[in-house]
Amino acid sequence: MKRALQVIDAISDRTGNIVQWLSVGLVLIISYETIMRYIFSISTLWEYETVAMMGATLYGLSFAYVMRHKLNVRVDVIFSLFPRRVQAAVDSIGMLVAFFPVMVLVAISAVSTARQAFVVDERMSITGWYPPAAPLRTVLAVGFVLLLLQGLVVFIREFHYLIRNKAYD
């Protein structure tokens, strides 16, 4: 079991470390578009959707990394005052009541939407470029599945701490 948790952690870490570089690409493309538009009065069709796709990929594939390293936004003012075991109880209950039901539905929906995008050859229609939507929908589906798996890892560790009063690994 510990090995499976370590593998999921490693996948989350690797994915997060790779996709962080998309932020550099985003800055370069937005800078290019800004220079072209405001200095040369030339705009491009591909920039808006490319930035949207890169940004969505960056977010979608970073969710699991953020959860793994507890970088998510959370109201810690009161929570941090609780003993560690109470924190584990709150996290475990919260994941059972809110996280898992919502994330299972979101992951199922994302996978279904990605599959459908391939079947109908869905295209993004915000600009005249009309790039295929299936790759982005697939990346988001993968991101939500990774988040669900990382959530399972976090839940197992928190629940173990709640029951045994010591860290799982």
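The preceding data block contains the structure.
Residues numbered from 1 in each chain as written. Predicted model: local features only at pLDDT ≥ 70, side-chain atom pairs only at ≥ 80, totals over all residues. Heavy atoms only, no water.

### Considerations on the overall build of the protein chain
- The helix and strand inventory of the protein chain stands at six helices and zero strands.
- Going from N to C terminus, the protein chain has its helices and strands arranged as α-α-α-α-α-α.
- Expected size for 169 residues packed as a compact globule is a radius of gyration near 15 Å; at 20 Å, the protein chain overshoots this value by more than 25%.
- The principal-axis extent of the C-alpha atoms belonging to the protein chain is close to 65 × 40 × 30 Å.
- In the protein chain, which comprises 169 residues, the share counted as buried stands at 38%.
- For the protein chain, the accessible surface area stands at approximately 10500 Å², while carbon and sulfur atoms represent 69% of it.
- For the protein chain, the distance from the average site of its 15 positive side-chain charges to the average site of its 11 negative ones is 11 Å. (Helix = DSSP H or I, 4+ residues; strand = E, 2+ residues; numbered from the N terminus. Rg over C-alpha atoms; globule rule 2.2 N^0.38 Å. Buried < 20%, exposed > 50% of the residue type's maximum accessible area, 1.4 Å probe, protein only. Areas by Shrake-Rupley, 256 points an atom, 1.4 Å probe, with all protein chains shown as cover. Lys, Arg positive; Asp, Glu negative; His and termini not counted. Charge placed at Lys NZ, Arg CZ, Asp CG, Glu CD.)

### So, the nonpolar core
- One finds Met67, Met95, Phe99, Phe100, Met103, Phe144 and Leu147 to be the most contacted residues of the largest nonpolar core, which totals 13 residues.
- Per-element tally for this core: the top contributor is helix H5 (residues 84-119), with seven residues.
- For Met103, the residues in contact, after removing those within four places along its chain, are Phe144, Leu147 and Leu148.
- In this structure, Val19, Leu26, Val51 and Leu58 belong to the second largest nonpolar core, which totals nine residues. (Core = buried A, V, L, I, M, F, W, Y, C linked by side-chain atoms within 4.5 Å. Contact = heavy atoms within 4.5 Å.)

### Focus: the environment of Arg85
- Among the secondary structure elements, Arg85 is positioned in helix H5.
- Taking the C-alpha atoms as reference points, Arg85 and Thr15, 70 residues apart in sequence, are found 30 Å from one another.
- The contacts of Arg85, once residues within four sequence positions are left out, are Tyr161, Leu162, Ile163 and Asn165.

### Some thoughts on the side chain of Thr57
- Here Thr57 is to be found in helix H3 (residues 46-68).
- The class for Thr57 is buried, based on a relative accessible area of 16%.
- Residues within four places of Thr57 in sequence aside, it is in contact with Leu22, Leu136 and Val139.

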